[in-house]
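Residue strings, one per chain:
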Amino acid sequence: MSKKFWDEKFETMNESGMKAFQLEKLKETVAWVYDRVPFYKNAFDERGVKPSDLQKLEDIAKFPFTVKTALRDNYPFGLCAVPISDVVRVHASSGTTGKPITGPYTAEDLDQWTDCMARGLWAQEVRPDSILQNAYGMGLFTGGLGFLQGAMRIQCAVVPSGAGMTERQIMLIQDFGTTALCCTPSYCLTIIEKAEKMGVDLKKTNLKTGHFGAEPWTVEMRSEIEARSGIHAYEHYGLTELMGPGVSFTCEHYKIHINEDHVLPEIVDPGTLDPVELGEEGELVFTSLQRRAMPMIRYRTRDICTLRREKCECGRTLVTMDKILGRSDDMMIISGVNVFPSQVETCLMEFEQVEPLYQIRLGKKGYIDHITVEIEVKSAMYQAGQGKLDELAKSISHRIQQVIGINVPIVILPQDTIERSIGKAKRIIDER
Ligand code: ADP
Ligand code: ZN
(Lines give C-alpha, C1' and ligand atoms only; values in the text may rest on other atoms or scores of the structure.)
(Ligands and ions follow the chains in the order given, each with its own letter.)
Protein backbone atom coordinates (compact mmCIF):
# COMPACT_ATOMS: atom_id res chain seq x y z
CA MET A 1 0.00 0.00 0.00
CA SER A 2 1.38 3.40 -0.83
CA LYS A 3 1.89 5.97 1.89
CA LYS A 4 -1.00 8.28 2.72
CA PHE A 5 1.03 11.47 3.20
CA TRP A 6 3.94 12.74 1.18
CA ASP A 7 5.54 14.29 4.25
CA GLU A 8 3.78 12.87 7.28
CA LYS A 9 5.93 14.71 9.80
CA PHE A 10 4.92 18.20 8.69
CA GLU A 11 1.49 17.41 7.31
CA THR A 12 0.31 15.93 10.61
CA MET A 13 2.39 17.91 13.11
CA ASN A 14 0.55 19.09 16.20
CA GLU A 15 -0.10 22.79 16.62
CA SER A 16 2.53 23.45 19.26
CA GLY A 17 5.18 21.57 17.29
CA MET A 18 4.32 23.53 14.16
CA LYS A 19 4.38 26.85 16.01
CA ALA A 20 7.80 26.10 17.48
CA PHE A 21 9.10 25.18 14.03
CA GLN A 22 7.60 28.32 12.49
CA LEU A 23 9.12 30.53 15.17
CA GLU A 24 12.58 29.12 14.62
CA LYS A 25 12.32 29.61 10.84
CA LEU A 26 10.75 33.04 11.19
CA LYS A 27 13.62 34.25 13.36
CA GLU A 28 16.10 33.03 10.78
CA THR A 29 14.21 34.69 7.93
CA VAL A 30 13.81 38.15 9.44
CA ALA A 31 17.50 38.20 10.34
CA TRP A 32 18.38 36.93 6.86
CA VAL A 33 16.60 39.79 5.08
CA TYR A 34 17.60 42.46 7.60
CA ASP A 35 21.24 41.69 7.02
CA ARG A 36 21.03 41.36 3.27
CA VAL A 37 18.27 43.47 1.74
CA PRO A 38 18.51 47.27 2.15
CA PHE A 39 14.78 47.60 1.48
CA TYR A 40 13.93 45.46 4.53
CA LYS A 41 16.62 47.04 6.69
CA ASN A 42 15.16 50.48 5.98
CA ALA A 43 11.59 49.31 6.46
CA PHE A 44 12.39 47.65 9.82
CA ASP A 45 14.44 50.65 11.00
CA GLU A 46 11.66 53.03 10.06
CA ARG A 47 9.27 50.99 12.15
CA GLY A 48 11.79 50.74 14.93
CA VAL A 49 11.89 46.92 14.95
CA LYS A 50 14.88 44.63 14.93
CA PRO A 51 15.08 40.92 14.21
CA SER A 52 15.72 40.36 17.93
CA ASP A 53 12.25 41.80 18.71
CA LEU A 54 10.82 38.59 17.36
CA GLN A 55 10.45 36.39 20.42
CA LYS A 56 7.09 34.75 19.82
CA LEU A 57 5.06 34.17 16.65
CA GLU A 58 2.64 36.99 17.44
CA ASP A 59 5.55 39.43 17.34
CA ILE A 60 5.32 39.27 13.57
CA ALA A 61 2.59 41.91 13.90
CA LYS A 62 5.29 44.44 14.88
CA PHE A 63 6.95 44.10 11.48
CA PRO A 64 6.07 46.16 8.41
CA PHE A 65 3.98 44.85 5.54
CA THR A 66 5.38 44.38 2.07
CA VAL A 67 3.17 45.38 -0.86
CA LYS A 68 3.23 44.74 -4.58
CA THR A 69 4.57 48.20 -5.40
CA ALA A 70 7.69 47.44 -3.32
CA LEU A 71 8.39 44.56 -5.68
CA ARG A 72 7.79 46.75 -8.70
CA ASP A 73 9.97 49.58 -7.35
CA ASN A 74 12.77 47.09 -6.78
CA TYR A 75 12.31 45.31 -10.09
CA PRO A 76 13.92 43.04 -11.04
CA PHE A 77 16.35 41.92 -8.30
CA GLY A 78 16.38 44.70 -5.71
CA LEU A 79 14.76 42.48 -3.07
CA CYS A 80 17.05 39.56 -3.75
CA ALA A 81 18.85 38.41 -0.61
CA VAL A 82 21.51 36.35 -2.35
CA PRO A 83 24.06 37.13 -5.08
CA ILE A 84 22.87 36.28 -8.57
CA SER A 85 25.47 33.49 -8.65
CA ASP A 86 23.33 31.66 -6.07
CA VAL A 87 20.17 32.07 -8.15
CA VAL A 88 19.35 29.10 -10.36
CA ARG A 89 15.94 30.09 -11.73
CA VAL A 90 13.88 33.25 -12.18
CA HIS A 91 10.14 33.18 -12.79
CA ALA A 92 7.87 36.17 -13.22
CA SER A 93 4.16 36.83 -12.86
CA SER A 94 2.03 37.39 -15.92
CA GLY A 95 2.02 41.06 -15.02
CA THR A 96 -1.73 41.30 -15.43
CA THR A 97 -1.55 44.52 -13.45
CA GLY A 98 1.65 46.20 -14.73
CA LYS A 99 5.38 45.30 -14.71
CA PRO A 100 5.90 41.65 -13.83
CA ILE A 101 6.84 40.50 -10.35
CA THR A 102 10.04 38.47 -10.31
CA GLY A 103 10.58 35.28 -8.38
CA PRO A 104 14.21 34.20 -8.07
CA TYR A 105 15.08 30.83 -6.49
CA THR A 106 18.23 29.29 -5.05
CA ALA A 107 18.75 25.60 -5.69
CA GLU A 108 17.35 24.88 -2.23
CA ASP A 109 14.31 27.14 -2.79
CA LEU A 110 13.58 25.22 -5.95
CA ASP A 111 13.93 21.92 -4.15
CA GLN A 112 11.50 23.00 -1.42
CA TRP A 113 8.99 24.36 -3.91
CA THR A 114 9.13 21.05 -5.75
CA ASP A 115 8.42 19.26 -2.52
CA CYS A 116 5.43 21.51 -1.74
CA MET A 117 4.04 20.66 -5.17
CA ALA A 118 4.63 16.94 -4.71
CA ARG A 119 2.89 17.13 -1.33
CA GLY A 120 -0.21 18.63 -2.91
CA LEU A 121 -0.32 16.32 -5.91
CA TRP A 122 0.19 13.27 -3.68
CA ALA A 123 -2.74 14.37 -1.51
CA GLN A 124 -4.71 14.53 -4.76
CA GLU A 125 -4.22 10.90 -5.76
CA VAL A 126 -1.27 11.41 -8.12
CA ARG A 127 0.96 8.31 -7.92
CA PRO A 128 3.91 6.92 -9.92
CA ASP A 129 1.51 5.11 -12.25
CA SER A 130 -0.46 8.30 -13.04
CA ILE A 131 -0.29 9.97 -16.44
CA LEU A 132 -0.37 13.68 -15.75
CA GLN A 133 -1.16 16.13 -18.53
CA ASN A 134 0.14 19.54 -17.61
CA ALA A 135 -1.78 22.18 -19.54
CA TYR A 136 -0.60 25.17 -17.52
CA GLY A 137 1.41 27.72 -19.51
CA MET A 138 5.06 26.65 -19.55
CA GLY A 139 7.63 29.39 -19.16
CA LEU A 140 7.95 32.47 -16.99
CA PHE A 141 4.62 31.72 -15.32
CA THR A 142 5.22 29.60 -12.22
CA GLY A 143 2.31 27.23 -12.91
CA GLY A 144 3.76 25.16 -15.73
CA LEU A 145 7.15 24.31 -14.28
CA GLY A 146 5.83 24.12 -10.72
CA PHE A 147 3.44 21.31 -11.59
CA LEU A 148 6.05 19.65 -13.80
CA GLN A 149 8.59 19.53 -10.97
CA GLY A 150 6.13 18.25 -8.38
CA ALA A 151 4.93 15.51 -10.71
CA MET A 152 8.51 14.57 -11.58
CA ARG A 153 9.31 14.16 -7.91
CA ILE A 154 6.42 11.72 -7.58
CA GLN A 155 7.84 10.10 -10.70
CA CYS A 156 4.63 9.82 -12.62
CA ALA A 157 4.54 10.17 -16.39
CA VAL A 158 4.26 13.86 -17.28
CA VAL A 159 2.84 15.13 -20.55
CA PRO A 160 3.84 18.82 -20.74
CA SER A 161 1.11 19.80 -23.18
CA GLY A 162 1.14 23.49 -22.19
CA ALA A 163 -1.83 25.83 -22.50
CA GLY A 164 -3.88 25.96 -25.68
CA MET A 165 -4.42 23.79 -28.78
CA THR A 166 -7.50 22.41 -27.13
CA GLU A 167 -8.34 19.75 -29.72
CA ARG A 168 -4.89 18.32 -29.30
CA GLN A 169 -5.30 18.28 -25.51
CA ILE A 170 -8.39 16.14 -25.98
CA MET A 171 -6.60 13.86 -28.41
CA LEU A 172 -3.77 13.36 -25.91
CA ILE A 173 -6.21 12.64 -23.08
CA GLN A 174 -7.72 9.88 -25.21
CA ASP A 175 -4.56 8.47 -26.82
CA PHE A 176 -2.22 8.61 -23.83
CA GLY A 177 -4.84 7.59 -21.28
CA THR A 178 -4.24 10.73 -19.20
CA THR A 179 -5.42 10.25 -15.60
CA ALA A 180 -4.63 13.69 -14.15
CA LEU A 181 -5.18 17.08 -15.77
CA CYS A 182 -3.48 20.26 -14.58
CA CYS A 183 -4.73 23.66 -15.78
CA THR A 184 -6.78 26.65 -14.72
CA PRO A 185 -10.43 25.87 -13.95
CA SER A 186 -11.55 28.16 -16.76
CA TYR A 187 -9.32 26.30 -19.22
CA CYS A 188 -10.75 23.01 -18.02
CA LEU A 189 -14.20 24.35 -18.93
CA THR A 190 -12.90 25.29 -22.37
CA ILE A 191 -11.61 21.71 -22.77
CA ILE A 192 -14.92 20.25 -21.57
CA GLU A 193 -16.90 22.42 -23.98
CA LYS A 194 -14.66 21.50 -26.90
CA ALA A 195 -14.82 17.78 -26.03
CA GLU A 196 -18.61 17.94 -25.98
CA LYS A 197 -18.60 19.62 -29.39
CA MET A 198 -16.25 16.93 -30.73
CA GLY A 199 -18.55 14.25 -29.37
CA VAL A 200 -15.94 13.01 -26.87
CA ASP A 201 -17.30 11.91 -23.50
CA LEU A 202 -14.56 12.71 -20.98
CA LYS A 203 -16.28 10.42 -18.48
CA LYS A 204 -15.37 7.50 -20.71
CA THR A 205 -11.66 8.39 -20.72
CA ASN A 206 -9.15 7.50 -17.98
CA LEU A 207 -9.27 11.04 -16.60
CA LYS A 208 -9.85 10.90 -12.83
CA THR A 209 -8.41 13.99 -11.22
CA GLY A 210 -8.02 17.68 -12.02
CA HIS A 211 -5.46 19.95 -10.36
CA PHE A 212 -6.84 23.40 -10.87
CA GLY A 213 -5.70 26.79 -9.68
CA ALA A 214 -4.24 30.20 -10.50
CA GLU A 215 -7.60 32.01 -10.53
CA PRO A 216 -10.70 32.36 -8.36
CA TRP A 217 -13.51 29.89 -9.02
CA THR A 218 -16.59 29.11 -7.02
CA VAL A 219 -17.78 25.84 -5.50
CA GLU A 220 -20.61 25.97 -8.05
CA MET A 221 -18.08 26.14 -10.89
CA ARG A 222 -16.26 23.18 -9.36
CA SER A 223 -19.46 21.13 -9.27
CA GLU A 224 -20.15 22.00 -12.90
CA ILE A 225 -16.69 20.77 -13.91
CA GLU A 226 -17.13 17.56 -11.94
CA ALA A 227 -20.60 16.86 -13.29
CA ARG A 228 -19.65 17.40 -16.92
CA SER A 229 -16.29 15.61 -16.93
CA GLY A 230 -16.38 13.04 -14.14
CA ILE A 231 -13.15 14.54 -12.79
CA HIS A 232 -12.56 15.02 -9.06
CA ALA A 233 -11.66 18.71 -9.12
CA TYR A 234 -8.83 19.46 -6.69
CA GLU A 235 -7.36 22.90 -6.12
CA HIS A 236 -3.99 24.60 -5.77
CA TYR A 237 -3.28 28.14 -4.66
CA GLY A 238 -0.18 30.23 -4.77
CA LEU A 239 1.53 33.32 -6.10
CA THR A 240 4.81 34.20 -7.77
CA GLU A 241 5.85 36.36 -4.83
CA LEU A 242 5.94 33.36 -2.48
CA MET A 243 6.96 30.43 -4.69
CA GLY A 244 4.16 30.05 -7.21
CA PRO A 245 1.62 27.26 -6.75
CA GLY A 246 2.36 25.08 -3.75
CA VAL A 247 1.33 27.56 -1.06
CA SER A 248 -1.78 25.48 -0.42
CA PHE A 249 -3.70 22.53 -1.85
CA THR A 250 -6.97 20.71 -1.32
CA CYS A 251 -7.22 17.27 0.22
CA GLU A 252 -9.95 14.77 -0.69
CA HIS A 253 -12.38 16.67 1.55
CA TYR A 254 -11.98 19.89 -0.46
CA LYS A 255 -10.23 21.57 2.46
CA ILE A 256 -7.44 23.88 1.31
CA HIS A 257 -4.43 23.12 3.53
CA ILE A 258 -1.63 25.67 3.71
CA ASN A 259 1.98 24.45 3.70
CA GLU A 260 2.47 26.41 6.89
CA ASP A 261 5.94 25.03 7.53
CA HIS A 262 6.97 27.07 4.46
CA VAL A 263 4.71 30.12 4.68
CA LEU A 264 3.26 31.76 7.77
CA PRO A 265 -0.29 32.97 7.03
CA GLU A 266 -2.09 35.88 8.67
CA ILE A 267 -5.39 37.55 7.88
CA VAL A 268 -5.69 41.30 8.33
CA ASP A 269 -8.43 43.82 7.89
CA PRO A 270 -7.52 45.42 4.54
CA GLY A 271 -8.65 48.82 5.82
CA THR A 272 -7.07 49.05 9.28
CA LEU A 273 -4.43 46.34 8.68
CA ASP A 274 -5.18 44.95 12.14
CA PRO A 275 -5.03 41.16 12.49
CA VAL A 276 -8.44 39.47 12.47
CA GLU A 277 -9.47 36.32 14.32
CA LEU A 278 -9.45 32.84 12.81
CA GLY A 279 -12.74 32.32 11.00
CA GLU A 280 -13.07 35.98 10.01
CA GLU A 281 -12.69 37.31 6.50
CA GLY A 282 -9.88 39.63 5.47
CA GLU A 283 -6.76 39.95 3.34
CA LEU A 284 -4.31 37.06 3.28
CA VAL A 285 -0.78 38.00 4.33
CA PHE A 286 2.16 35.59 4.12
CA THR A 287 5.68 35.52 5.45
CA SER A 288 8.21 33.15 3.90
CA LEU A 289 9.77 30.77 6.40
CA GLN A 290 12.36 28.86 4.44
CA ARG A 291 12.99 30.73 1.23
CA ARG A 292 16.39 32.31 0.79
CA ALA A 293 16.61 34.06 -2.62
CA MET A 294 13.69 36.44 -2.10
CA PRO A 295 11.85 35.86 1.17
CA MET A 296 8.71 37.93 1.69
CA ILE A 297 7.95 39.53 5.03
CA ARG A 298 4.23 40.05 5.69
CA TYR A 299 3.40 40.15 2.00
CA ARG A 300 -0.09 41.50 1.35
CA THR A 301 -1.56 39.21 -1.29
CA ARG A 302 -4.73 41.31 -1.83
CA ASP A 303 -6.57 37.99 -1.86
CA ILE A 304 -9.67 38.04 0.32
CA CYS A 305 -10.04 34.90 2.38
CA THR A 306 -10.67 33.27 5.78
CA LEU A 307 -8.34 31.00 7.78
CA ARG A 308 -9.55 28.12 9.92
CA ARG A 309 -7.94 25.70 12.30
CA GLU A 310 -10.40 22.83 12.37
CA LYS A 311 -9.84 19.11 12.44
CA CYS A 312 -9.86 17.70 8.92
CA GLU A 313 -10.93 14.13 8.24
CA CYS A 314 -7.91 13.62 6.01
CA GLY A 315 -5.65 13.64 9.05
CA ARG A 316 -3.66 16.70 8.03
CA THR A 317 -3.26 19.28 10.77
CA LEU A 318 -2.10 22.03 8.39
CA VAL A 319 -4.22 25.15 8.82
CA THR A 320 -6.89 25.59 6.15
CA MET A 321 -8.10 28.55 4.12
CA ASP A 322 -11.49 29.05 2.50
CA LYS A 323 -11.76 29.44 -1.23
CA ILE A 324 -10.51 32.87 -2.27
CA LEU A 325 -13.44 35.24 -2.63
CA GLY A 326 -11.43 37.36 -5.06
CA ARG A 327 -8.60 39.85 -5.29
CA SER A 328 -9.25 43.18 -3.64
CA ASP A 329 -8.23 44.75 -7.00
CA ASP A 330 -11.21 43.01 -8.58
CA MET A 331 -13.66 44.20 -5.96
CA MET A 332 -16.26 46.49 -7.53
CA ILE A 333 -18.22 49.04 -5.59
CA ILE A 334 -21.65 49.22 -7.14
CA SER A 335 -24.24 51.56 -5.64
CA GLY A 336 -22.19 51.47 -2.49
CA VAL A 337 -22.11 47.67 -2.29
CA ASN A 338 -18.82 45.74 -2.45
CA VAL A 339 -19.07 43.03 -5.08
CA PHE A 340 -16.63 40.36 -6.24
CA PRO A 341 -16.95 38.59 -9.60
CA SER A 342 -17.18 35.29 -7.71
CA GLN A 343 -20.45 36.41 -6.10
CA VAL A 344 -21.91 37.10 -9.52
CA GLU A 345 -20.59 33.71 -10.65
CA THR A 346 -22.41 31.93 -7.83
CA CYS A 347 -25.72 33.48 -8.90
CA LEU A 348 -25.20 32.73 -12.60
CA MET A 349 -24.34 29.10 -11.91
CA GLU A 350 -27.78 28.54 -10.39
CA PHE A 351 -29.29 28.76 -13.87
CA GLU A 352 -28.72 25.60 -15.82
CA GLN A 353 -29.52 27.25 -19.18
CA VAL A 354 -26.50 29.53 -18.66
CA GLU A 355 -23.00 28.61 -19.86
CA PRO A 356 -20.30 28.80 -17.16
CA LEU A 357 -18.82 31.84 -18.91
CA TYR A 358 -19.32 35.49 -18.19
CA GLN A 359 -17.75 38.89 -18.30
CA ILE A 360 -18.51 41.94 -16.26
CA ARG A 361 -18.39 45.17 -18.25
CA LEU A 362 -17.81 48.39 -16.36
CA GLY A 363 -18.54 51.61 -18.17
CA LYS A 364 -19.70 55.16 -17.54
CA LYS A 365 -23.05 56.72 -18.31
CA GLY A 366 -22.42 60.40 -17.82
CA TYR A 367 -20.79 60.62 -14.39
CA ILE A 368 -22.27 57.40 -13.17
CA ASP A 369 -20.50 54.05 -13.21
CA HIS A 370 -22.44 51.46 -15.06
CA ILE A 371 -22.16 47.69 -14.88
CA THR A 372 -23.52 44.94 -17.10
CA VAL A 373 -22.99 41.22 -16.88
CA GLU A 374 -22.58 39.51 -20.23
CA ILE A 375 -23.31 35.83 -20.52
CA GLU A 376 -23.89 33.09 -23.04
CA VAL A 377 -26.62 30.49 -22.79
CA LYS A 378 -26.92 26.89 -23.93
CA SER A 379 -27.84 26.59 -27.61
CA ALA A 380 -31.36 25.21 -27.05
CA MET A 381 -32.07 28.22 -24.87
CA TYR A 382 -30.55 30.63 -27.37
CA GLN A 383 -32.86 29.32 -30.06
CA ALA A 384 -35.94 29.54 -27.86
CA GLY A 385 -36.68 33.09 -29.02
CA GLN A 386 -36.25 36.62 -27.72
CA GLY A 387 -39.19 36.43 -25.34
CA LYS A 388 -37.65 33.51 -23.45
CA LEU A 389 -34.21 35.15 -23.43
CA ASP A 390 -35.63 38.36 -21.98
CA GLU A 391 -37.41 36.36 -19.33
CA LEU A 392 -34.21 34.54 -18.38
CA ALA A 393 -32.22 37.76 -18.25
CA LYS A 394 -34.84 39.22 -15.94
CA SER A 395 -34.81 36.27 -13.57
CA ILE A 396 -31.02 36.34 -13.33
CA SER A 397 -31.06 40.07 -12.58
CA HIS A 398 -33.70 39.41 -9.99
CA ARG A 399 -31.60 36.68 -8.36
CA ILE A 400 -28.52 38.93 -8.24
CA GLN A 401 -30.62 41.64 -6.67
CA GLN A 402 -31.84 39.17 -4.05
CA VAL A 403 -28.43 37.75 -3.17
CA ILE A 404 -26.03 40.65 -3.62
CA GLY A 405 -28.45 43.54 -3.36
CA ILE A 406 -27.57 45.36 -6.55
CA ASN A 407 -29.42 45.86 -9.78
CA VAL A 408 -27.37 44.49 -12.67
CA PRO A 409 -28.62 44.27 -16.25
CA ILE A 410 -27.85 40.94 -17.92
CA VAL A 411 -26.89 40.90 -21.58
CA ILE A 412 -27.17 37.59 -23.39
CA LEU A 413 -24.54 37.46 -26.12
CA PRO A 414 -24.66 35.28 -29.23
CA GLN A 415 -22.98 31.93 -28.87
CA ASP A 416 -19.19 31.73 -28.94
CA THR A 417 -18.64 35.46 -28.50
CA ILE A 418 -17.02 35.45 -25.05
CA GLU A 419 -13.36 34.62 -25.44
CA ARG A 420 -12.60 31.09 -24.24
CA SER A 421 -9.88 31.06 -21.62
CA ILE A 422 -6.71 29.01 -21.95
CA GLY A 423 -5.16 30.45 -18.78
CA LYS A 424 -6.48 32.95 -16.29
CA ALA A 425 -9.96 34.04 -17.39
CA LYS A 426 -10.51 37.77 -17.75
CA ARG A 427 -13.78 38.43 -15.93
CA ILE A 428 -13.79 42.21 -15.78
CA ILE A 429 -13.69 44.51 -18.79
CA ASP A 430 -13.18 48.00 -17.49
CA GLU A 431 -14.09 50.73 -19.98
CA ARG A 432 -14.32 53.61 -17.55
P1 ADP B 1 -0.58 37.47 -11.59
O2 ADP B 1 -0.68 38.38 -10.42
O3 ADP B 1 0.05 38.11 -12.77
O4 ADP B 1 -1.88 36.78 -11.93
P5 ADP B 1 0.40 35.02 -10.29
O6 ADP B 1 0.41 33.90 -11.24
O7 ADP B 1 1.48 35.08 -9.32
O8 ADP B 1 0.44 36.34 -11.14
O9 ADP B 1 -1.00 35.03 -9.59
C10 ADP B 1 -1.22 34.78 -8.23
C11 ADP B 1 -2.64 35.12 -7.91
O12 ADP B 1 -3.54 34.24 -8.59
C13 ADP B 1 -3.01 34.96 -6.46
O14 ADP B 1 -2.62 36.06 -5.68
C15 ADP B 1 -4.54 34.83 -6.54
O16 ADP B 1 -5.14 36.09 -6.70
C17 ADP B 1 -4.72 34.04 -7.82
N18 ADP B 1 -4.88 32.60 -7.51
C19 ADP B 1 -3.96 31.62 -7.59
N20 ADP B 1 -4.48 30.44 -7.23
C21 ADP B 1 -5.77 30.66 -6.89
C22 ADP B 1 -6.85 29.86 -6.42
N23 ADP B 1 -6.72 28.55 -6.24
N24 ADP B 1 -8.02 30.48 -6.16
C25 ADP B 1 -8.16 31.80 -6.32
N26 ADP B 1 -7.21 32.60 -6.77
C27 ADP B 1 -6.02 32.05 -7.05
ZN1 ZN C 1 -7.83 17.69 4.75
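The structure displayed is predicted, hence computed values, not measured ones. (Residues numbered from 1 in each chain as written. Chains lettered and ligands numbered in written order. Predicted model: local features only at pLDDT ≥ 70, side-chain atom pairs only at ≥ 80, totals over all residues. Heavy atoms only, no water.)

A. Expanded view of the coordination of the zinc ion (ligand 2). Protein-derived ligands of the zinc ion (ligand 2) are Cys 251 (SG), His 257 (NE2), Cys 312 (SG) and Cys 314 (SG), with the metal-ligand distances lying across 2.1 to 2.3 Å. Every donor counted, the four donor atoms about the zinc ion (ligand 2) form angles of 103 to 116 degrees at the centre, which fits tetrahedral coordination. Binding-site remark: the zinc ion (ligand 2) is held by donors from one chain whose sequence spacing is C-x5-H-x54-C-x1-C. (Donors = N, O, S within 2.8 Å, 3.2 Å for Na, K, Ca; no water. Tetrahedral: all angles 85-135°; square planar, octahedral: opposite > 155°, others 65-115°.)

B. Layout of the sheet that holds strand E17 (residues 354-365). Sheet architecture is open: four strands sit in the order E19-E18-E17-E20, paired in mixed fashion. Two strands bound the open sheet, and with one partner strand each, they are strand E19 (410-412) and strand E20 (428-430). In this sheet, adjacent strand axes meet at a mean angle of 25 degrees when their direction is disregarded. As paired elements, E17 and strand E18 (residues 368-377) share nine bridges and run antiparallel to each other. (Pairing = 2+ DSSP bridges. Helix = DSSP H or I, 4+ residues; strand = E, 2+ residues; numbered from the N terminus. Axes fitted to C-alpha atoms, helices over the stretch in contact; angles between N-to-C directions.)

C. Quick look at the UniProt feature "domain: AMP-dependent ligase C-terminal" (unreviewed entry) in the chain. With numbering matched to this structure, UniProt assigns "domain: AMP-dependent ligase C-terminal" (unreviewed entry) to residues 336-432. Across residues 336-432, the secondary structure splits into 31% helix and 32% strand, with the terminal C-alpha atoms separated by 17 Å. (UniProt positions renumbered as here; feature names shortened; annotations may be inferred.)

D. How the structure looks around the domain arrangement of the chain. When the domains of the chain are assigned, the result is domain 1 (1-328) and domain 2 (332-430). Computed over C-alpha atoms, the centres of domain 1 and domain 2 are 30 Å apart. Across the boundary between the two partners, domain 1 contributes 24 residues, which contact 17 residues of domain 2. Note on domain 1 versus domain 2: buried area summed over both sides is about 1800 Å², and carbon and sulfur give 56% of it. At the junction of domain 1 with domain 2, the criterion picks out two salt bridges. For Asp 416, the salt bridge goes to Lys 197, with nearest N and O atoms at 3.3 Å. The interface formed by domain 1 and domain 2 contains 11 residue pairs in polar contact (both at pLDDT 80 or more). When residues of the side of domain 1 that touches domain 2 are traced back to their parent elements, those giving at least two are helix H8 (185-198), helix H9 (219-229) and strand E14 (326-327). With six residues, H8 is the largest single contributor of residues to the side of domain 1 that touches domain 2. Here the side of domain 1 that touches domain 2 is composed, by residue class, of nine nonpolar, eight polar and seven charged. (Domains from an automatic or database assignment. Contact = heavy atoms within 4.5 Å. Buried area = accessible area lost by both parts, 1.4 Å probe. Salt bridge = Lys/Arg side-chain N within 4 Å of Asp/Glu carboxyl O. Polar contact = N/O pair within 3.5 Å; in protein donor to acceptor, adjacent residues only side chain to side chain. Nonpolar A, V, L, I, M, F, W, Y, C, P; charged D, E, K, R; others polar.)

E. Structural context of the pairing of strand E10 (residues 263-268). A large share of E10 lies buried, amounting to six of its six residues. Burial along E10 is two-sided: the face carrying Val 263, Pro 265 and Ile 267 and the face carrying Leu 264, Glu 266 and Val 268 are both buried. Bridge count between E10 and strand E11 (residues 281-288): six bridges; the pairing is antiparallel. Within the sheet, the bridge partner assigned to Leu 264 lies in E11 and is Thr 287. (Buried < 20%, exposed > 50% of the residue type's maximum accessible area, 1.4 Å probe, protein only.)

F. Quick look at the pattern of salt bridges. Under the counting rule described, the total for this entry stands at 33 salt bridges. Arg 298 is the partner of Glu 266 in a salt bridge, and the nearest nitrogen-oxygen pair spans 2.8 Å. Residue Glu 266 is located in strand E10, and its partner Arg 298 is located in the loop between E11 and strand E12 (299-308); the two are separated by 32 residues in the primary sequence. The exposure class of Glu 266 is buried, given its relative accessible area of 11%. It is possible to trace a salt-bridge network through shared partners that takes in Glu 193, Lys 197, Glu 376, Asp 416 and Arg 420.

G. Main features of the nonpolar core. Membership of the largest hydrophobic core comes to 58 residues, with the highest contact counts inside it found for Phe 44, Leu 132, Tyr 237, Leu 284, Phe 286, Met 296 and Met 321. The greatest single-element share of this core, amounting to seven residues, is contributed by helix H5 (residues 107-123). Ile 360, Leu 392, Ile 404 and Ile 410 belong to the second largest nonpolar core, which has 27 residues in total. (Core = buried A, V, L, I, M, F, W, Y, C linked by side-chain atoms within 4.5 Å.)

H. Inspection of the pairing of strand E6 (residues 209-213) at higher detail. In terms of burial, E6 is a largely internal element, five of the five residues being buried. On E6, burial covers both faces: Thr 209, His 211 and Gly 213 on one face and Gly 210 and Phe 212 on the other are all buried. Sheet topology places strand E5 (residues 180-183) next to E6; four bridges connect them, and they run parallel. Residue pairing across strands places Ala 180 opposite Thr 209, the latter belonging to E6. Once the chain exits E5 it traverses H8 before rejoining the sheet at E6, and the crossover so formed is right-handed. Following the chain from E6 across H9 to the adjacent parallel strand E7 (residues 232-239), one finds a crossover that is right-handed. (Right-handed = clockwise from strand over helix to strand, strands pointing away.)

I. Highlighting the side chain of Glu 11. With respect to the helices and strands, the residue Glu 11 is situated in helix H1 (residues 8-11). A polar contact is formed between the side chain of Glu 11 and the backbone nitrogen of Trp 6, at a distance of 3.2 Å. If we ignore the near neighbours within four places in the chain, the residues touching Glu 11 are Phe 5, Trp 6, Arg 119, Phe 249, Gly 315, Arg 316, Thr 317 and Leu 318.

J. Region of interest: the environment of Phe 10. Along the chain, Phe 10 turns up in helix H1. By relative accessible area, Phe 10 is classed as buried at 12%. Put simply, Phe 10 and Arg 361 are 351 residues apart on the chain and 45 Å apart in space, counted from C-alpha to C-alpha. The residues touching Phe 10, leaving out its near neighbours within four places in the chain, are Met 18, Phe 21, Arg 119, Asp 261 and Leu 318.

K. Representation of helix H2 (residues 15-36). For H2, built from 22 residues, the straight-helix expectation of 32 Å at 1.5 Å per residue is met to within 8% by its first-to-last C-alpha distance of 31 Å. Within H2, the full set of buried residues consists of Met 18, Phe 21, Gln 22, Leu 23, Lys 25, Leu 26, Thr 29, Val 30, Val 33 and Tyr 34. Those residues of H2 that are buried are in contact with H1, helix H3 (38-47), E10 and E11. (Expected span 1.5 Å × (residues − 1).)

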